[in-house]
Amino acid sequence: MKLLFIFTGGTIGSTANGEYISVDAKKPYLLLKSYAEKHTLPDYDTAQPYTALSENLTGTELSALIACVRENLSKYDGIIITHGTDTLQYTAAALAYAFGNSTPPIVLVSSNHPLEHPNANAIPNLFGAVSFIMAQGGSGVFVSYKNPADTKISIHRGARLLASEPFSDAFYSLKHQAYGYIDPTDGTFERNPEYHESADKTEPFSVGELSPCAEQILRISPCTGLAYPPISAKIRYILHETYHSGTLNTVSPSAISFFEEAKRRGIPIFATGISHGISYESTRYFDTFGIRPLGEIAPIAAYMKLWLASESGCDVQTVMGLSLGGDMG
């Protein structure tokens with residue numbers, strides 16, 4: 001078995017210097033050296049398409065990473081990507097939509113602290129990734145991450161991760177159902193029997209060079225008293241998150257004006273965070289305003305799906321409702 005390690009920077013490839021944490025070109029190789037002191041590493045090669053703190057990523061870096069993976073995917077039994085935690089969910093989802101579920105495993109790993117920190121989880125996360133690939137646990141894109149309070153290492157689908165809570169080092173999948181778990185003592189992989197996903201129902205998005213910024217997408221998070229922004233001429237799609245009950249304000253003058261303007265201009269509004277079943281009264285106006293619920297898909301994944309789909313030349317209205325990369329149950 002042979003693996004490819006792709007280094008991209010982030011905390012897992014950084015060093016604390018005084019008051020700041022910054023990327024360190026030597027850190028990725030120290031990670032492998034530190035790992036080899038505790039565990040066996042299979043044969044591997046390395047690549048480094050870019051080096052950056054993950055909060056600074058744009059479509060340019062995502063394109064470079066996707067190209068690097070595409071160029072090497074058929075040459076290895078698995079690919080492990082080191083990445084920062086801040087935008088780990090975004091990159092994992094982008095890869096899931098670029099490659100789907102029929103590829104050798106692509107596993108992202110990160111660290112909650114720089115490698116030298118006593119509470120850093122870089123080595124357990126990497127152990128989970130290597131063990132998962134060695135166990136042939138699945139195909140497609142995954143994230144290996146051990147939450148500080150957990151005893152096992154979670155294996156998440158790349159397109160299922162939720163946004164992390166502020167001031168927290170923990171990562172969770174949609175409905176807190178990870179794909180499976182790695183035992184940190186012996187590397188045994190256990191599939192989560194409660195986890196379910198739909199097969200890919202559309203082809204992965206063929207993406208060349210993503211625009212640096214998703215200028216065609218307006219993403220909105222609800223909050224009490226929200227004053228909706230003007231819809232600029234560049235906007236072609238709107239992604240609207242909802243409250244935890246799958247609701248949003250559909251009666252305020254600001255909201256009504258915004259939704260009516262989008263409908264008048266033929267701009268589709270996709271809503272995320274809405275479960276199947278009985279809905280609250282506010283959702284009865286969705287049809288009136290042309291708001292389309294996307295079903296049970298992670299909001300970050302919905303954003304990345306919309307971005308990649310809109311730049312791949314496919315039928316966005318159709319593919320947004322089709323499962324890809326394990327994003328839907």
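Structure shown above.
Report on the accompanying structure. (Residues numbered from 1 in each chain as written. Predicted model: local features only at pLDDT ≥ 70, side-chain atom pairs only at ≥ 80, totals over all residues. Heavy atoms only, no water.)

### Re the pairing of strand β1 (residues 2-7)
Turning to step 1, where the next piece is worked out: In terms of burial, β1 is largely enclosed, as 5 of its 6 residues are buried.
Turning to step 2, where the next piece is worked out: Of the strand pairs in this sheet, β1 and strand β4 (residues 43-47) are connected by 5 bridges, and their pairing is parallel. Following the sheet pairing, Lys2 is matched in β4 by Asp43.
Turning to step 3, where the next piece is worked out: Where β1 lies against strand β5 (residues 78-82), 5 bridges are found, and the strand directions are parallel. (Buried < 20%, exposed > 50% of the residue type's maximum accessible area, 1.4 Å probe, protein only. Helix = DSSP H or I, 4+ residues; strand = E, 2+ residues; numbered from the N terminus. Pairing = 2+ DSSP bridges.)

### Overview of the sheet that holds strand β6 (residues 106-109)
Turning to step 1, where the next piece is worked out: Spatial ordering of the open sheet is given by β4-β1-β5-β6-β7-β8-β9-β10, a layout of 8 strands whose pairing is mixed. At either end of the open sheet lies a strand with only one pairing partner, and these are β4 and β10 (189-191). Going from strand to strand, the sheet's axes swing by 25° on average, the running direction of each strand aside.
Turning to step 2, where the next piece is worked out: Two strands pair when backbone bridges link them, and strand β8 (residues 153-157) and strand β9 (residues 180-182) are joined in this way by 3 bridges, in the antiparallel orientation. Within β9, the residue paired with Ile155 across the bridge is Gly180. (Axes fitted to C-alpha atoms, helices over the stretch in contact; angles between N-to-C directions.)

### Details of the packing of aromatic side chains
Turning to step 1, where the next piece is worked out: Under the defined criterion, the tally for this structure stands at 16 aromatic pairs.
Turning to step 2, where the next piece is worked out: Arranged with centres 5.3 Å apart and planes meeting at 40°, the rings of Phe259 and Phe289 form a pair that is tilted. In this pair, Phe259 is assigned in helix α5 (residues 253-264) and Phe289 in helix α6 (residues 286-289), connecting sequence segments 30 residues apart.
Turning to step 3, where the next piece is worked out: Its relative accessible area of 0% is what places Phe259 among the buried residues.
Turning to step 4, where the next piece is worked out: For Phe289, a relative accessible area of 8% gives the class buried.
Turning to step 5, where the next piece is worked out: Here Tyr303 and Trp307 contribute two aromatic rings whose centre-to-centre distance is 6.1 Å and whose plane-to-plane angle is 50°, an arrangement assigned as tilted. (Phe/Tyr/Trp six-rings, centres within 6.5 Å; stacked < 30°, edge-to-face > 60°.)

### Re the packing of helix α3 (residues 88-99) against helix α7 (residues 299-310)
Turning to step 1, where the next piece is worked out: At a closest axis distance of 9 Å, the pairing of α3 and α7 adopts a crossing angle of 50°. Overall, the two elements α3 and α7 adopt an arrangement that is oblique. Note on packing geometry: the crossing formed by α3 with α7 is right-handed. Where α3 abuts α7, its residues Gln89, Tyr90, Ala93, Ala94, Tyr97 and Ala98 lie against Ile300, Ala301, Tyr303, Met304, Lys305 and Leu308.
Turning to step 2, where the next piece is worked out: For the contact of α3 with α7, the residue count by class is 10 nonpolar, 1 polar and 1 charged. (Parallel < 35°, antiparallel > 145°, perpendicular 65-115°, else oblique. Left-handed = near helix turned anticlockwise from the far one by under 90°. Contact = heavy atoms within 4.5 Å. Nonpolar A, V, L, I, M, F, W, Y, C, P; charged D, E, K, R; others polar.)

### Thoughts on α7
Turning to step 1, where the next piece is worked out: For α7, with 12 residues, the first-to-last C-alpha span of 16 Å sits near the 16 Å given by 1.5 Å per residue.
Turning to step 2, where the next piece is worked out: Every buried residue of α7 is accounted for by Ile300, Ala301, Ala302, Tyr303, Met304, Lys305, Leu306, Trp307, Leu308, Ala309 and Ser310.
Turning to step 3, where the next piece is worked out: In the core, the buried residues of α7 are packed alongside α2 (59-72), α3, β11 (217-220), β12 (237-241), β13 (269-272) and α8 (316-319). (Expected span 1.5 Å × (residues − 1).)

### Some remarks on the pattern of salt bridges
Turning to step 1, where the next piece is worked out: Across all of its chains, the model carries 10 salt bridges by this definition.
Turning to step 2, where the next piece is worked out: Glu190 is the partner of Lys152 in a salt bridge, and the nearest nitrogen-oxygen pair spans 3.1 Å. Of this pair, Lys152 sits in the loop between β7 (141-145) and β8 while Glu190 sits in strand β10, placing them 38 residues apart in sequence.
Turning to step 3, where the next piece is worked out: On the accessibility criterion, Lys152 (34% relative accessible area) is partly exposed.
Turning to step 4, where the next piece is worked out: Of the charged contacts, one joins Arg265 and Glu261 as a salt bridge, the two residues approaching to 3.6 Å between their closest N and O atoms.
Turning to step 5, where the next piece is worked out: Beyond isolated ion pairs, a larger network of salt bridges with shared partners links Glu261, Arg264 and Arg265. (Salt bridge = Lys/Arg side-chain N within 4 Å of Asp/Glu carboxyl O.)

### Side note on the pairing of β8
Turning to step 1, where the next piece is worked out: Within β8, 5 of the 5 residues are buried, leaving the element largely enclosed by the surrounding structure.
Turning to step 2, where the next piece is worked out: Of the two faces of β8, the one carrying Ile153, Ile155 and Arg157 and the one carrying Ser154 and His156 are both buried.
Turning to step 3, where the next piece is worked out: Of the strand pairs in this sheet, β7 and β8 are connected by 4 bridges, and their pairing is antiparallel. Among the inter-strand pairings, Phe142 is bridged to a residue of β8, identified as Arg157.

### Quick word on the environment of Ala170
Turning to step 1, where the next piece is worked out: Of note, Ala170 is situated in the loop between β8 and β9.
Turning to step 2, where the next piece is worked out: Along the sequence, Ala170 and Leu95 sit 75 residues apart, while their C-alpha atoms lie 21 Å from each other.
Turning to step 3, where the next piece is worked out: When sequence neighbours within four positions are dropped, the list of residues in contact with Ala170 reads Tyr145, Asn147 and Ser164.

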